[in-house]
Amino acid sequence: MTMYSIWESIVGFYEPTLEIVSLWALGLPLFVTVIAVMFILSQKWQGPLTIRTLANAAFPKEQYDHASSRVDMWNGIILLLLGFPLVGVIAINGIAIADNVGAYFNTAFGARDPVITSTWLLVAVQFLVYFMSVDFVGYWVHRWCHTNAHLWHLHKPHHTAETLTPWTLFRQHPIEFFGLNIIPAVVGGAFTGLVLYATGSQVHPGMVAAVTTTAYIAFFVIDVFSHVHMPISYGWLNRIVLAPVMHNLHHSMEPHHWDKNNAVILTLWDWMFGTLYLPKKGETWRWGCNEDEYGANNPHKTLKGFYFDPFVTLWRHLRDGKSPNP
Ligand SMILES: [Zn+2]
Ligand SMILES: [Zn+2]
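Computed from a predicted model, the values in this text were never measured in an experiment. (Residues numbered from 1 in each chain as written. Chains lettered and ligands numbered in written order. Predicted model: local features only at pLDDT ≥ 70, side-chain atom pairs only at ≥ 80, totals over all residues.)

**What about the UniProt feature "transmembrane region" (unreviewed entry) in the protein?**
Okay, step 1: UniProt tags residues 20–42, 77–98, 118–141 and 177–200 as "transmembrane region" (unreviewed entry).
Okay, step 2: Between the C-alpha atoms that bound residues 118–141 the distance is 34 Å, and the span itself is 96% helix and 0% strand.
Okay, step 3: Secondary structure across residues 177–200 comprises 92% helix and 0% strand; the distance between its end C-alpha atoms is 34 Å. (UniProt positions renumbered as here; feature names shortened; annotations may be inferred. Helix = DSSP H or I, 4+ residues; strand = E, 2+ residues; numbered from the N terminus.)

Below is the structure:
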């Protein structure tokens, strides 16, 4: 292997990450500013409306300067550099799994005649099944992380955030990050494989393009957006798709908000399965895990605590048979 081809394969591996990083660098300031303007207009802003007041509303110093935000940002940089190339491979493998499952059923039960002849309908069906099943499984895995006392140790670092900025999306323990991406992709791939068999079709290239594009849109517009500090609501659409106010509430430390709004993209699942919480008019809350692990007592206020505390508490839980978490 020549030096050139080694370099080419490294660049190839990082290509999706570089795309995300460049979108991130260019898009983030613009994105948050647009949101700040929307929010200010919706709040009937009082006081001077200048570049400075807008910038303060979009990037409040007390949020970005906070120890919690610094953990989010550094872990985010590490995940972008190390995690995303692997997650990109996993997402592509989800589609490859669909292909293999479809082929397996064809061999086991004999190929079926094509049921759908229209190309756009075929792409739509394959894409919808893949997207909906990945998101559906994502909802249940997230919900399970809240209800299973052992898994909670690994999801808890996301909830010890005391500030919200777009970087908080990346406040995920590395073990959780891979689990949350691998399980939905594998199950979504398997479901899509069944649909491929049932419709007598193969993965359409248009479906691959649709999944990739939607992954970017979903990632930027919905998941990044759901971590802005402003409680932006989509009105009646809050029951269908995740608005910032809904995920803001998921980060609330008030006990009556715990385990609510577990959606990754579609709040439809929360609505269907009884975990939807629509904030009341004027309702406010603080972000954090609980009163006992807040501020100076936050176990994840440094990167070291963020990475190692979950292993320590999980180990104690397995050893003693009861959770050390309050
Ligand atoms: Zn959660
Ligand atoms: Zn979050």
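Moving on, there is more to tell.
**What to know about the nonpolar core**
A general feature of soluble globular proteins is that nonpolar side chains tend to end up buried together.
Okay, step 1: By size, the foremost hydrophobic cluster in this structure holds 33 residues, and its most contacted members are Y130, A263 and I265.
Okay, step 2: Counting residues per element, this core draws most heavily on helix α5 (residues 119–147), which supplies 12 residues.
Okay, step 3: Ignoring any residue separated from it by four or fewer positions in sequence, one finds A263 in contact with Y139, L242, W269 and D270.
Okay, step 4: Residues L169, F225, V228 and W287 belong to the second largest nonpolar core, which totals 10 residues. (Core = buried A, V, L, I, M, F, W, Y, C linked by C-beta atoms within 7 Å. Buried ≥ 20, exposed ≤ 12 C-beta atoms within 10 Å, placed from the backbone. Contact = placed C-beta atoms within 7 Å.)

**Some points on the environment of S201**
Okay, step 1: Following the sequence through the fold, S201 ends up in the loop between α7 (174–198) and α8 (205–224).
Okay, step 2: With 88 residues separating them along the chain, S201 and D113 place their C-alpha atoms 8.2 Å apart.
Okay, step 3: When residues no more than four places from it in sequence are discounted, the contact partners of S201 are P114, I116, L122 and L196.

**Observations concerning helix α11 (residues 303–320)**
Along an α-helix, a turn takes 3.6 residues, which lines up residues three or four apart on a common side.
Okay, step 1: An ideal rise of 1.5 Å per residue puts 26 Å on 18 residues; α11 measures up with 26 Å between its terminal C-alpha atoms.
Okay, step 2: The largest bend in α11 is about 35°, located at D309, with the proline P310 one to four residues further on.
Okay, step 3: Buried within α11 we find F306, D309, P310 and L314. (Expected span 1.5 Å × (residues − 1). Bend = angle between axes of the 7 residues up to and from the residue.)

**A word on the confidence of the model for the protein**
Okay, step 1: For the protein, per-residue confidence averages 84 on the pLDDT scale, and 80% of positions sit at 70 or higher.
Okay, step 2: Averaged over each element, pLDDT in the protein is lowest for helix α1 (residues 3–42) (63) and highest for helix α10 (residues 268–272) (98). (pLDDT = per-residue confidence, 0-100.)

**Topic: unusual backbone geometry**
Most of the time, phi is negative for any residue but glycine, and the peptide bond is trans.
Okay, step 1: One non-glycine residue, D259, adopts positive backbone phi at about 65°.
Okay, step 2: What makes D259 partly exposed here is the crowd of 15 C-beta atoms within 10 Å.
Okay, step 3: Backbone geometry places N261, a non-glycine residue, at a positive phi of 50°.
Okay, step 4: Relative to the elements of secondary structure, N261 occurs in the loop between α9 (244–250) and α10.
Okay, step 5: On the neighbour-count criterion, N261 (25 C-beta atoms within 10 Å) is buried.

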